[in-house]
Amino acid sequence: MIYAADGLEINYLSQEEIKNWQPYTEIPAESQASEPFIQRLKDVGLWTPSQIAGRRWSMGCVSLEITQRCNLDCTLCYLSEHSEAVRDVPLQEIFRRIDMIAAHYGKNTDVQVSGGDPTLRQREELVQIVQRITDKGLRASLFTNGILASRALLVDLCAVGLVDVAFHVDTTQQRKGYESEQDLNTLREKYIECARGLPLAVFFNTTVHDANFHEVPSLVRFFRQHTDVVSLLSFQLQADTGRGVLRNRDQRITPDTMIERIQSGADQSIGFDTLTVGHPSCNRYAMALSINGKLYDCYDDPEFFVPLLEATAHVSFPRTDRRATIMAALRAFFKAPHLWGKGALWLARKIWSAKADLWAARGKVNKLTFMIHNFMDACHLEHDRLHACIFMVATPDGPISMCLHNAKRDEYILKPIAINGPEGKHLWHPLSGAKMPLVAANEHPIDPKIYPIKFLKGRTRVEALLNRSSPSPVQQPNAALISVEDTVQ
Ligand code: SF4
């Protein structure tokens, strides 16, 4: 389909094309894990010298949804109307998906342990999941709203190799008593203290929408004071996908206007154009050095950083060990004598421009990475962006782009799953948790029962509540699948 937006013609996928786009099933040879992705980047003209994807890693990250349940009800939730009724996928299947991620993308791939909120999974199982990710040579990140992410839990997860924790905190979550992003800073401080001193990289995620866009600069100013703990800020722009009640984004919110807001909060020009991550319409990436509460743009010299990327493409930086990361960077740098001159010049300029702050901070330098992630609306999916997608979800059938997964989530979460357990092979039913004989899945069609209100979130919940007080029959988007009399146990 072709739509005209801002004078541009864009080919959006039709419903048929969305239906037909399947997860990746072909497993590359171990030494060539990046090749399929590099080929896809070439297909869409994005395999350039500044492209990090395919060089530093064979996939940006893979989301492993270990539960569909959540303890919040965000106004921009990407989950489905059915999510809350779906049982947690058996551990065995989660382990199989972890192995599948390792087979597709190889060691050091970042695996986002997510959901729903992953902390709602039984604690013992969550620990085992992180352990399995570590054992496979992958890097586990916990993506959580923080409500149940206690210090004790983080300590347990660190002991089995957790690498990052990403706290999602923003006004879409409708947390009681917090009206603005400014109000939420007290909660952010609490989470920062919860993670302080642990061998973890600490990230914060913020969904940017009409009502908090103006607060982005003050949010950046807040995090400038916390770079001793927080090393990455990810801003995810409002997208019309999932069950959330908010839909279309204000036209003012674009990756470019986000950059302006971030720069305003940084009181600095920050270079988002030096290095590319996947498709520039999807991702914008920059890094700043943080010295004495001030930010200094890091990637301000493409002549140095683009060839440096190539020279360090296969170096692994252990995010949880600052000293090891610096040593790995220095070793790679010393192996690239053609860059010594440019590197020395860049360093001299940085030291000169930051001399007063370096003095005040006694030489202490932190870093703050910025990611802007521009998810697509479920009905506005672009082929090239999906083709160059750096953000996969592990489905039962293989990895698939997160945007595509969000557009047809029910296809994956409601499908019975074949389990090969100690008691033999069987099908596991996601709504009942029942084991069924292993026959073709379509002989066990999903027939979602009528959900009680406790299983409803987002738009469907709002509509069900409205309809309860109305004498007219229930009219919901999924009326064919959901009614409110029966329960799913
Ligand atoms: S998840 Fe969507 S927005 Fe993100 S990289 Fe993939 S296609 Fe682009």
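Residues numbered from 1 in each chain as written. Predicted model: local features only at pLDDT ≥ 70, side-chain atom pairs only at ≥ 80, totals over all residues.

Colleague: Before we move on, could you go through the overall build of the protein and cite the residues and values that matter?
Modeller: Tallying secondary structure elements over the protein gives 16 helices and 16 strands in all. Relative to a compact globule of 489 residues, whose C-alpha radius of gyration would be 23 Å, the protein shows 23 Å and is just as compact. By principal-axis analysis of the C-alpha atoms, the protein measures approximately 70 × 50 × 50 Å. Put simply, the protein has 489 residues, and 42% of those count as buried. (Helix = DSSP H or I, 4+ residues; strand = E, 2+ residues; numbered from the N terminus. Rg over C-alpha atoms; globule rule 2.2 N^0.38 Å. Buried ≥ 20, exposed ≤ 12 C-beta atoms within 10 Å, placed from the backbone.)

Colleague: Tell me what's going on with the site of the ligand, and back it up with residues and numbers.
Modeller: In the vicinity of the ligand lie 16 residues, with Cys282, Cys389, Phe391, Met402 and Cys403 positioned nearest. Elements represented by at least two residues in the shell around the ligand include exactly α13 (383-387) and α14 (402-407). Grouping the constituent residues of the shell around the ligand by class yields nine nonpolar, six polar and one charged. (Near = placed C-beta within 6 Å. Nonpolar A, V, L, I, M, F, W, Y, C, P; charged D, E, K, R; others polar.)

Colleague: Residue-level account of the environment of Met402, with values.
Modeller: Topologically, Met402 is positioned in helix α14. When the C-alpha atoms of Met402 and Arg322 are compared, they prove to be 31 Å apart, with 80 residues separating the residues in sequence. Apart from the residues lying within four places of it in its own chain, the contact partners of Met402 are Ser63, Phe391, Met392 and Val393. (Contact = placed C-beta atoms within 7 Å.)

Colleague: Just give me the short version of unusual backbone geometry, but keep the residues and values in it.
Modeller: Of note, the amide linkage connecting Gly115 to Gly116 takes the cis form, showing an omega dihedral of 25 degrees. Along the chain, Gly116 falls in the loop between β4 (110-114) and α4 (123-135). The phi torsion at Gln174 lies on the positive side, around 55 degrees, for a residue other than glycine. Inspection of the secondary structure assignment puts Gln174 in the loop between β6 (162-168) and α6 (181-195).

Colleague: I'd like a description of helix α2 (residues 35-43), backed by residues and values.
Modeller: Listing the buried residues of α2 in full gives Phe37, Arg40 and Leu41. Burial along α2 is one-sided: seen end-on, the buried residues are contained in an arc of 100 degrees. Residues of α2 that are buried sit in contact with α13. (Arc of directions from axis to C-beta.)

Colleague: Kindly report on the packing of helix α3 (residues 91-105) against α4, identifying the contributing residues and their values.
Modeller: In a packed pair of helices, the relevant descriptors are the angle between the two axes and the axis-to-axis distance. Where α3 meets α4, the axes come as close as 10 Å, and the angle between the chain directions of the two elements is 20 degrees. Regarding the angle of α3 to α4, the classification is roughly parallel. α3 and α4 meet at a crossing whose hand is right-handed. From α3, Leu91, Ile94, Phe95 and Ile98 reach across to α4, where they touch Glu125, Gln128, Ile129, Arg132 and Ile133. Its residues assigned to classes, the contact of α3 with α4 comprises six nonpolar, one polar and two charged. (Axes fitted to C-alpha atoms, helices over the stretch in contact; angles between N-to-C directions. Parallel < 35°, antiparallel > 145°, perpendicular 65-115°, else oblique. Left-handed = near helix turned anticlockwise from the far one by under 90°.)

Colleague: Kindly report on the sheet that holds strand β13 (residues 398-401), identifying the contributing residues and their values.
Modeller: One open sheet holds the 11 strands; their spatial order is β10-β9-β11-β8-β7-β6-β5-β4-β3-β12-β13, and the pairing between them is mixed. On the outer flanks of this sheet lie β10 (294-297) and β13, each paired with one strand and no other. The average undirected angle you get between the axes of adjacent strands in this sheet is 30 degrees. (Pairing = 2+ DSSP bridges.)

Colleague: Break down the pairing of strand β12 (residues 391-395) for me, with residues and values.
Modeller: A large share of β12 lies buried, amounting to five of its five residues. A two-sided burial pattern is seen for β12, the buried positions comprising Phe391, Val393 and Thr395 on one face and Met392 and Ala394 on the other. Here three bridges tie strand β3 (residues 61-65) to β12, and the two strands are oriented parallel to one another. The residue of β12 that forms the bridge with Val62 is Met392. Of the strand pairs in this sheet, β12 and β13 are connected by four bridges, and their pairing is antiparallel. Looking across to β13, one finds that Val393 is bridged to Ile400. Following β12, the chain reverses through two residues before pairing antiparallel with β13.

Colleague: Give me the lowdown on the environment of Leu198, citing residues and values where you can.
Modeller: Tracing the backbone shows Leu198 in the loop between α6 and β7 (201-208). Classification of Leu198 by C-beta neighbours within 10 Å gives partly exposed; the count is 17. Separated by 31 residues in sequence, Leu198 and Val229 have C-alpha atoms that sit 9.4 Å apart. Contacts of Leu198, omitting those with residues within four sequence positions, involve Leu154, Val155 and Cys158.

Colleague: Provide a residue-level description of the environment of Arg284, including the pertinent values.
Modeller: Structurally, Arg284 is set in strand β9 (residues 283-291). Judged by the 22 C-beta atoms lying within 10 Å of it, Arg284 is buried. Sequence separation of Arg284 and Val306 is 22 residues, and the distance between their C-alpha atoms is 16 Å.

Colleague: Which residues make up the domain arrangement of the protein, and what values do they have?
Modeller: Along its sequence, the protein is organised into domain 1 (2-410) and domain 2 (448-489). Between the C-alpha centres of domain 1 and domain 2 there is a distance of 34 Å. Counting residues at the interface gives nine residues for domain 1, matched by 12 residues for domain 2. Grouping the amino acids of the side of domain 1 that touches domain 2 by side-chain chemistry returns three nonpolar, two polar and four charged. (Domains from an automatic or database assignment.)

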